[in-house]
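# What the coordinates show
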Amino acid sequence: MQAYSNWLPPTGTLGRISAEATIRAQALEPFRAQLESAIAGRPATDAFGAALRASTGISVIAEVKRRSPSKGAIADALGAAQQAEAYRQGGAACVSILTEPAYFGGSNEDLLDVRRQVDIPALKKDFHVAPIQLLEARALGASAALIIVRALSPTGLAEMMEAGRALNLELLVEVRDEGELERALDAGATIVGVNNRDLETLIIDGGTAERIIPLIPVSVTAVAESGVARREDVHRYADAGADAVLVGSTLSASPDPVAATRALAGVPRRSRAR
């Protein structure tokens with residue numbers, strides 16, 4: 001891995017949430033032995049990545065999202081398991097469960113409820129900044145966990161990637177520019193999400209994924225994140241070479257999440273040139 005000496009700690013909204021995530025991670029340390037016991041003997045799974053690649057169409061990762069720093073309240077009363085089941089019925093390949101409590105209104109109980117009741121792979125979406133959080137994700141039954149390159153130092157990214165491999169937990173590695181993509185690939189990422197939203201300023205630039213996804217090797221699963229609201233948006237990222245899209249606010253706010261998910265699913269996949 002390169003030195004990446006120009007890396008600076010995250011600022012703005014991402015910096016605040018990451019700092020709070022560090023405190024939550026530290027609070028897990030007394031429970032390490034309990035978490036390790038919970039995963040002992042549990043078989044490895046590559047269900048998340050396999051589900052994203054199983055179809056010839058663009059896979060939909062449908063997200064349970066009650067609120068966000070950018071939009072405020074989206075659907076505060078959302079039932080995680082009921083919503084995830086609606087997504088499954090609508091054709092989602094995987095579900096994303098936001099477990100961050102303060103800014104997104106999520107919880108670990110949401111993930112547990114979904115894993116008990118919905119039979120498609122689940123991504124634990126949170127601000128994971130320490131390996132013990134990945135241990136927790138595995139213990140909760142997640143098929144995969146999100147890590148954000150911008151939130152991690154070069155050493156921290158390497159530690160998180162190694163922890164994911166040791167735990168047999170797939171990682172969706174999120175980037176927002178070419179430099180972060182280079183870091184992700186050098187660290188061995190096999191699933192890369194390109195976020196159109198700058199998590200420090202919360203501004204969305206829909207062209208980010210269009211610019212970055214064509215640079216992702218065909219051996220790596222490419223996911224377009226944020227700013228996907230209509231089928232035309234899915235076509236846009238299919239044209240860029242995406243394998244999947246992650247959709248949260250639009251589906252969570254819909255009065256008919258089955259139909260809303262179905263409206264985004266099934267767009268034909270295009271191959272990337274690389």
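Higher on the page you've got the structure.
Quick caveat, the model's predicted, so the values are computed rather than measured.

## Quick word on the overall build of the protein chain
When helices and strands are tallied, the protein chain shows twelve helices and ten strands. C-alpha extents for the protein chain along the principal axes are approximately 45 × 40 × 35 Å. Taking all 274 residues of the protein chain together, the buried fraction comes to 56%. Long-range contacts, defined here as pairs at least 24 residues apart, represent 71% of the contacts in the protein chain between residues at least 6 apart. Accessible surface, the protein chain as shown: approximately 11200 Å² in total, 52% of it carbon and sulfur. Distance between charge centres in the protein chain, computed from 29 positive and 33 negative side chains, equals 3 Å.

## Looking at the sheet that holds strand β4 (residues 94-98)
Pairing is parallel in the closed barrel, where eight strands are placed in the order β1-β4-β5-β6-β7-β8-β9-β10. With direction set aside, neighbouring strand axes in the sheet form an average angle of 25 degrees. Bridge analysis of β4 against strand β5 (residues 122-125) gives four bridges, and the strand direction is parallel. Residue pairing for β5: L98 is matched across the bridge by K125. Against the sheet, helix α6 (residues 131-139) makes contact with β5, β6 (144-148) and β7 (170-175), and its axis sits at roughly 155 degrees relative to β6, the strand it touches most. Here helix α7 (residues 154-167) sits on the sheet in contact with β6 and β7, set at roughly 155 degrees to β7.

## A short note on the pattern of salt bridges
Under the counting rule described, the total for this entry stands at 18 salt bridges. Residue K124 pairs with D126 through a salt bridge whose shortest N-O separation is 3.6 Å. The same class applies to K124 as to D126, namely buried. Because the salt bridges share partners, they merge into one network encompassing R150, R176, E180, D198 and E200.

## Points about the layout of surface pockets
If you add up the space inside the largest pocket, you get close to 420 Å³. The wall of the largest pocket is formed by 32 residues, among which E63, K65, K125, R197 and S226 lie closest to the centre. Of all the secondary-structure elements, those providing two or more residues to the lining of the largest pocket are α1 (12-28), β6, β10 (244-247) and α11 (249-253). By residue number, the principal contributor to the lining of the largest pocket is α1, which donates three residues. Within the lining of the largest pocket, the residues separate by chemical class into 15 nonpolar, nine polar and eight charged.

## A closer look at the side chain of K124
With respect to the secondary-structure elements, K124 resides in strand β5. Residue classification places K124 among the buried positions, given a relative accessible area of 1%. Ignoring any residue separated from it by four or fewer positions in sequence, one finds K124 in contact with I97, T99, N108, L111, E136, A137, L140, A142, A144, A145 and L146.

## Details of the pairing of β4
Burial analysis of β4 places five of its five residues in the buried class, which makes it a mostly covered element. Taking the sense of rotation as the criterion, the β-α-β connection linking β4, helix α5 (residues 108-117) and β5 turns out right-handed.

## A look at helix α8 (residues 178-186)
Because the α-helix completes a turn every 3.6 residues, residues three or four places apart line up on one side. Within α8 the residues assigned to the buried category are E180, L181, R183 and A184. Seen end-on, α8 carries its buried residues on one side only, within an arc spanning 160 degrees. Considering only its buried residues, α8 is in contact with α7, β7, β8 (191-195) and α9 (207-212). Where α8 begins, the side chain of D177 points an oxygen toward the backbone nitrogen of G179, at a separation of 3.2 Å. The positive-phi residue at the C-terminal boundary of α8 is G188, with phi of around 95 degrees.

So, how was this worked out
- Residues numbered from 1 in each chain as written.
- Predicted model: local features only at pLDDT ≥ 70, side-chain atom pairs only at ≥ 80, totals over all residues.
- Heavy atoms only, no water.
- Helix = DSSP H or I, 4+ residues; strand = E, 2+ residues; numbered from the N terminus.
- Buried < 20%, exposed > 50% of the residue type's maximum accessible area, 1.4 Å probe, protein only.
- Contact = heavy atoms within 4.5 Å.
- Areas by Shrake-Rupley, 256 points an atom, 1.4 Å probe, with all protein chains shown as cover.
- Lys, Arg positive; Asp, Glu negative; His and termini not counted.
- Charge placed at Lys NZ, Arg CZ, Asp CG, Glu CD.
- Pairing = 2+ DSSP bridges.
- Axes fitted to C-alpha atoms, helices over the stretch in contact; angles between N-to-C directions.
- Salt bridge = Lys/Arg side-chain N within 4 Å of Asp/Glu carboxyl O.
- 1 Å grid on protein atoms, 1.4 Å probe; cavity = no way out; pocket = protein on both sides within 12 Å on 5 of 7 lines; lining within 4 Å.
- Points joined across faces, edges and corners; volume = space filled by probe spheres on them.
- Nonpolar A, V, L, I, M, F, W, Y, C, P; charged D, E, K, R; others polar.
- Right-handed = clockwise from strand over helix to strand, strands pointing away.
- Arc of directions from axis to C-beta.
- Polar contact = N/O pair within 3.5 Å; in protein donor to acceptor, adjacent residues only side chain to side chain.

Everything listed here is a matter of geometry and, on its own, says nothing about what the molecule does.
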